[in-house]
Amino acid sequence: MQTTTDNLQGEPIMDINMTPLIDVLLVLLIMFIITIPIQTHAVKLDLPQNTNDPNPPPVDPVKNKVVITQPGAILWNGTPVSAMQLRQYLDVSQQMDPVPELHLQPEPEARYEVVDQVLAVTKQARVEKMGFVGNEQYATF
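Let me begin by describing the structure that accompanies this report. Please read all numbers here as calculations on a predicted model, not as lab measurements.

**Some thoughts on the sheet that holds strand β3 (residues 79-81)**
Phase 1 of the analysis: An order of β3-β2-β1-β4-β5 is seen for the five strands of this open sheet, with the pairing classed as mixed. Where the open sheet ends on each side, the last strands, each with one partner, are β3 and β5 (130-132). Each strand axis lies, on average, 30° off the axis of its neighbour in the sheet, ignoring direction.
Phase 2 of the analysis: Both strand β1 (residues 63-68) and strand β2 (residues 74-76) contribute to a ladder of three bridges, which runs antiparallel. Each residue of the ladder has a partner; that of valine 66, found in β2, is tryptophan 76.
Phase 3 of the analysis: Sheet strands in contact with helix α2 (residues 83-94) are β1, β2, β3 and β4 (101-106), and its direction is about 110° off that of β3.

Here it is in structure tokens:
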């Protein structure tokens, strides 16, 4: 039973056939790679808290008015707010029962870009009752 030319006495070869072992190890390696869960990387940030106004403008249970001024300021019931604060107030108002009305009043010289941003915020907050106030002031433009 001679299998190689180096074996002149006809003795069987005593080496282990490594090919099946390598095949099994490669299959196991591929299975482990596939079954490893994908790592999700998260960056934890300590965001600053807004502490300059401890008493936010209250949300009126009947109606709230949003005015957009010519310089681009957003006023919630007469108090200047940012778009993020506006979203928070809208979320609070939408959770009330009954839902209060939202009156949107852009000034005639207000930029449409700011008005569009406010409309996008109201859409994201899923405002149910909204009306435009002061449309008659646009009749001269």
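Having put the structure on the table, let's press on.
**Side note on the pattern of salt bridges**
Close approach of charged atoms lets side chains of opposite charge pair.
Phase 1 of the analysis: Under the counting rule described, the total for this entry stands at two salt bridges.
Phase 2 of the analysis: Put simply, aspartate 91 and arginine 87 hold a salt bridge, and the shortest N to O gap is 3.1 Å. Of this pair, aspartate 91 and arginine 87 are both found in helix α2, four residues apart, which corresponds to roughly one turn of the helix.
Phase 3 of the analysis: Residues arginine 111 and glutamate 113 are paired through a salt bridge, measuring 3.1 Å at the closest nitrogen-oxygen approach.

**Focus: α2**
Phase 1 of the analysis: Relative to the 16 Å expected for 12 residues at 1.5 Å per residue, α2 spans 16 Å between its end C-alpha atoms, a close match to the ideal helical length.
Phase 2 of the analysis: Of the surrounding secondary structure, the elements contacted by the buried residues of α2 are β1, β2, β3, β4 and α3 (112-124).

Rules used in this analysis
- Residues numbered from 1 in each chain as written.
- Predicted model: local features only at pLDDT ≥ 70, side-chain atom pairs only at ≥ 80, totals over all residues.
- Heavy atoms only, no water.
- Pairing = 2+ DSSP bridges.
- Helix = DSSP H or I, 4+ residues; strand = E, 2+ residues; numbered from the N terminus.
- Axes fitted to C-alpha atoms, helices over the stretch in contact; angles between N-to-C directions.
- Contact = heavy atoms within 4.5 Å.
- Salt bridge = Lys/Arg side-chain N within 4 Å of Asp/Glu carboxyl O.
- Expected span 1.5 Å × (residues − 1).

Fair warning: the whole summary comes from geometry, so function is off the table for now.
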